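Understanding the architecture of this molecule
Listed here are the chains, written in short residue letters.
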Amino acid sequence: MKMNTIAAIATAMSSSGIGIVRISGEESFQIIDKIFKGKGKGEKKLSKEPSHTIHYGYICDGDEVIDEVLVLIMRGPRSYTAEDTVEIDCHGGVLVTKRILETVLKYGARPAEPGEFTKRAFLNGRMDLSQAEAVIDVIHAKNNYALKSSVSQLEGAVSRKIKDMRDKIIYHIAFIESALDDPEHISLDGYQELLLQALMPLKEELNLLIKSADNGRVLSEGIETVILGKPNAGKSSLLNVLVGEERAIVTDIAGTTRDTLKEQIRLEDLSLNIIDTAGIRNTEDVVEKIGVEKARNAA
C-alpha cells in the first residue's frame, strides 16, 4: 500500500534546548536533499548516505538559512514506522521548529495526523495493536508501575501470550478439520475430553489477562482515595498536606466543604486520586445535603 510522506514536530511545543521534526514516507530523502546543506564545501546528498547516520549542517529554504541542525536518516524497514524516516534535530525554539516544519511541508510532505506515525508502524507490521496502544501509555505513565507495565507491553509481552494461546487453539481447530476431512485415518474418539483439558488452562489464562487489564488501568489512572469523616475532622487539612498546597478551604466552621475536591498525588510508586468530601452528618441545609450525598457516593 502506497502512503504519502508525512511530517510533524515530535517534541513539545515550548521553548527548550532541542526540537525534533520527523519526516516519514517514501519521499523523505528527496525532501531532505532539497532543504539540507552540509557544513563545508561541496553539496551533500543525504539520500546517498548510509542508514542510521547523523549529519551536521543547515536547513535552508532556497538561499535562506533557517537553523543549524543535526539530521538523522533511517532507511525502512529499520525505523519506527518501517518507512524511510528523517529526524531533524534543531534548536528548540517554538518559532524555529515551526519554520522548519513549514519548509518540510513546502517541499512535498503533508502534516501528520495525530498518532499517524504509530498508525503507520502498525499498518506496516512494525508493531501489533497492543504495542501501538502501549506507546501512548508510556508517554502518559504517571508512576513507575505504570511505566514498567507499558514498556513490557510495548516490548510484546501481551502479544506473545496472545500468540501462544492462539497457536494452541489453531492446532486443535486444524486437528478437528483434518479428522472431519479424513475420518478413516484420524479418529475423534475421546477427543472431547482431551480438548476440554487443553482449553480450560487457556480459559483461566484469558481471565487472568482480563483481570490484569483492570489492574493496569488502576495503576495508570490512579487509585481512587476518598477522605471520609465527620465535619471538622481535618479532612481538608489532610488533603492540603498531601497535595503540598492550600487547595481546600479550611475553617473552624462545620460544613465548610460542600462539594468533592479531587487532586492527584504520587506516593512513592503509586498515583492516588485524593478526593476531599463534605463531612457526614444529618443537616437541613439543602446544599450541604447534596455534598453529603456526593461524599457517600464517592465512598
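Going by the structure above, here's the rest.
None of the values given here were measured: they were computed from a predicted structure.

Right, let's talk about the pairing of strand β10 (residues 270–276) for a bit. Burial analysis of β10 places six of its seven residues in the buried class, which makes it a mostly covered element. Where strand β8 (residues 223–227) meets β10, five bridges bridge the pair, whose relative direction is parallel. Following the sheet pairing, E224 is matched in β10 by N273. In the sheet, strand β9 (residues 261–267) pairs with β10 via seven bridges, with the strands oriented antiparallel. In the strand pairing of β10, Q264 is matched with N273. Hairpin connection from β9 to β10: two residues lie between these consecutive antiparallel strands, with E268 at a positive phi of about 55°.

Next up on the list: the sheet that holds β10. Strands sit in the order β8-β10-β9 across an open sheet of three strands; the sheet is mixed. Looking at strand neighbours, the two that pair on one side only are β8 and β9, the edges of this open sheet. Across this sheet, the average inter-strand angle for adjacent strands is 30°, counted without regard to direction.

Turning to the packing of aromatic side chains, a few remarks are in order. By the definition in use, this model includes two aromatic pairs. On the basis of an interplanar angle of 45° and a centroid distance of 6.4 Å, the ring pair of Y56 and Y58 is categorised as tilted. Judged by centre distance (4.7 Å) and plane angle (25°), the rings of F175 and Y191 are stacked. Placement of F175 in helix α6 (residues 157–181) and of Y191 in helix α7 (residues 191–221) is noted, with a sequence separation of 16 residues between them. Over the ring of F117 we find R22, and its NZ or CZ is 5.2 Å from the ring centre.

Cut-offs applied
Residues numbered from 1 in each chain as written. Predicted model: local features only at pLDDT ≥ 70, side-chain atom pairs only at ≥ 80, totals over all residues. Heavy atoms only, no water. Buried < 20%, exposed > 50% of the residue type's maximum accessible area, 1.4 Å probe, protein only. Helix = DSSP H or I, 4+ residues; strand = E, 2+ residues; numbered from the N terminus. Pairing = 2+ DSSP bridges. Axes fitted to C-alpha atoms, helices over the stretch in contact; angles between N-to-C directions. Phe/Tyr/Trp six-rings, centres within 6.5 Å; stacked < 30°, edge-to-face > 60°. Lys NZ or Arg CZ within 6 Å of the ring centre and 35° of its normal.

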